[in-house]
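Below, each chain spelled out in residue letters.
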Amino acid sequence: MRYPWILFLSMFFHVQVWAQVSERVNYKTVDGEELYFDYYPANTGNSQKSIVFVHGGGFSGGSPEGQAPFAEEMQKRGYSVFVISYRLYAKGHGFGCDFPTPEKLKAIRYAAEDAVSATRFIVEHAEDYGVDSEQIYLAGSSAGAEAILQVLFNPFKSSMPEAFYIAEGFTFKGAMSFAGAVLDLRLVNRENWIPLLLYHGSNDQLVPYETAPHHFCPGTSPGYMMLFGSMSIYEKAKSLGLSVELHAYRDGGHEISNAMFRAFDVMDNFIKNTPAPESDEVWYYLHDRSDWDKLGK
């Protein structure tokens with residue numbers, strides 16, 4: 001082969017472009033804890049669309065580092081990605097039926113507050129990051145999906161408006177929820193709706209697919225708390241004539257919360273072709289559980 005060193009350098013350059021390209025930025029300090037986001041800048045100079053992603057982990061674990069495969073792939077597709085850390089209030093306790101409901105609500109609220117704080121920081125520094133503040137998408141998985149849905153349909157905002165303020169007139173362009181749920185379905189309405197992409201397994205035993213207690217806890221347990229999952233959100237949006245897309249997996253469990261590592265084409269299409277909130281574009285896809293292993297391959 002002529003000039004083998006050219007091939008070596010090109011391979012080295014390719015690796016350098018895509019490996020460990022994120023920048024870590026502290027966006028807030030709370031009670032001595034520094035919260036940060038990992039920033040993956042878009043690989044194209046003409047794209048200002050971005051994604052703020054909140055990881056899962058039962059409000060007790062997880063980290064931005066574990067989301068790198070999602071962030072790097074979406075980065076390659078031309079989006080800036082911000083994967084945030086947040087207060088893990090349930091750390092050391094877990095998030096099951098023995099964790100009292102008021103404590104669960106506090107954990108969810110803290111995560112939602114931090115997602116708002118991170119977004120506010122990004123909007124305030126939009127020029128530095130090449131971000132269009134009118135083209136920011138919110139996304140999350142499992143606990144992170146619960147957090148982002150509470151940002152959008154927020155039962156805490158009326159008592160703590162300052163904690164959930166981002167910027168005058170700010171609205172997320174759209175959101176992607178992977179096995180999430182809302183605390184109050186009545187808050188899903190025309191006034192606060194944005195286009196949603198939802199993924200959920202119909203047999204999820206942690207975050208209910210429809211309307212059921214969190215973790216299906218018995219009513220007598222300390223952690224009894226009703227949640228309204230993706231199907232309930234979808235049905236409410238459909239009844240109001242609002243744009244929504246649900247991918248449900250028949251007999252799928254909580255593993256569907258990891259769809260952000262597989263459904264790249266669907267996410268890409270959702271962002272590139274985001275409908276207007278009241279466009280009445282309603283999409284429901286019921287997949288067999290066997291389709292899960294084929295997703296993204």
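For the structure, check the block above.
Summarised in this report is the structure supplied together with it. Residue positions within a chain follow its written sequence, with the count starting from 1. For this predicted model, a pLDDT threshold of at least 70 governs which residues receive local features, and a threshold of 80 or more governs which side-chain atom pairs are given and counted, while totals over whole chains, interfaces and linings are taken from all residues. Where side-chain values are given, they derive from all heavy atoms of the structure, hydrogens and water being excluded.

1. Overview of the pairing of strand β1 (residues 23–30)
Next, step 1: Here a strand pair is declared whenever DSSP counts at least two bridges between the two strands. What counts as a helix is a DSSP run of H or I of at least four residues, what counts as a strand is a run of E of at least two, and both are numbered from the N terminus. Sheet topology places β1 next to strand β2 (residues 33–40); seven bridges connect them, and they run antiparallel. Within β2, the residue paired with Glu23 across the bridge is Tyr39.

2. A look at the side chain of His214
Next, step 1: Examined against the element boundaries, His214 turns out to sit in the loop between β9 (211–213) and β10 (226–229).
Next, step 2: Not counting the four nearest positions on each side in its chain, His214 is found in contact with Phe95, Lys104, Glu146, Leu206, Pro208, Met225 and Leu227. Contact definition: two residues touch when any of their heavy atoms are within 4.5 Å.

3. Brief notes about the sheet that holds strand β11 (residues 244–249)
Next, step 1: The strand order β1-β2-β4-β3-β5-β6-β8-β11-β12 describes an open sheet built from nine strands, whose pairing is mixed. Two strands close off the open sheet at either side, each with one partner strand: β1 and β12 (282–287). On average, each strand axis in the sheet is tilted by 15 degrees relative to the strand beside it, whichever way the strands run.
Next, step 2: Note on definitions: angles span 0 to 180 degrees between N-to-C directions of axes, and those axes are lines fitted to C-alpha atoms, for helices only across the stretch in contact. Its contacts with the sheet put helix α5 (residues 143–152) on β3 (50–54), β5 (136–141), β6 (174–178) and β8 (196–201), and the angle it makes with β5 is roughly 140 degrees.
Next, step 3: Sitting on the sheet, helix α6 (residues 230–240) touches β8, β11 and β12, and the angle it makes with β8 is about 145 degrees.

4. Some thoughts on the pairing of β12
Next, step 1: Bridge count between β11 and β12: six bridges; the pairing is parallel. For Tyr249, the partnering residue across the bridge sits in β12 and is His287.
Next, step 2: With the strands aimed away from the viewer, a crossover counts as right-handed if its path from the first strand over the helix to the second runs clockwise. What joins β11 to β12 is helix α7 (residues 264–272), and the crossover it makes is left-handed.

5. What to know about the nonpolar core
Next, step 1: One finds Phe37, Phe59, Leu152, Phe172, Trp193 and Leu196 to be the most contacted residues of the largest nonpolar core, which totals 66 residues.
Next, step 2: When residues in this core are grouped by element, the largest group, ten residues, is from helix α3 (residues 101–124).
Next, step 3: With near-sequence residues (within four places) excluded, Phe172 lies in contact with Thr119, Ile136, Tyr137, Leu138, Val151, Leu152, Ile166 and Ile194.
Next, step 4: If you look at the next biggest cluster of nonpolar residues, it comprises 27 residues, including Ala68, Tyr249, Ile256 and Met267. Within this scheme, the nonpolar core is defined by two criteria: the residues are buried Ala, Val, Leu, Ile, Met, Phe, Trp, Tyr or Cys, and they are joined through side-chain atoms within 4.5 Å. Relative accessible area decides the class of each residue, using a 1.4 Å probe on protein chains only: under 20% of the type maximum gives buried, over 50% gives exposed, and in between gives partly exposed.

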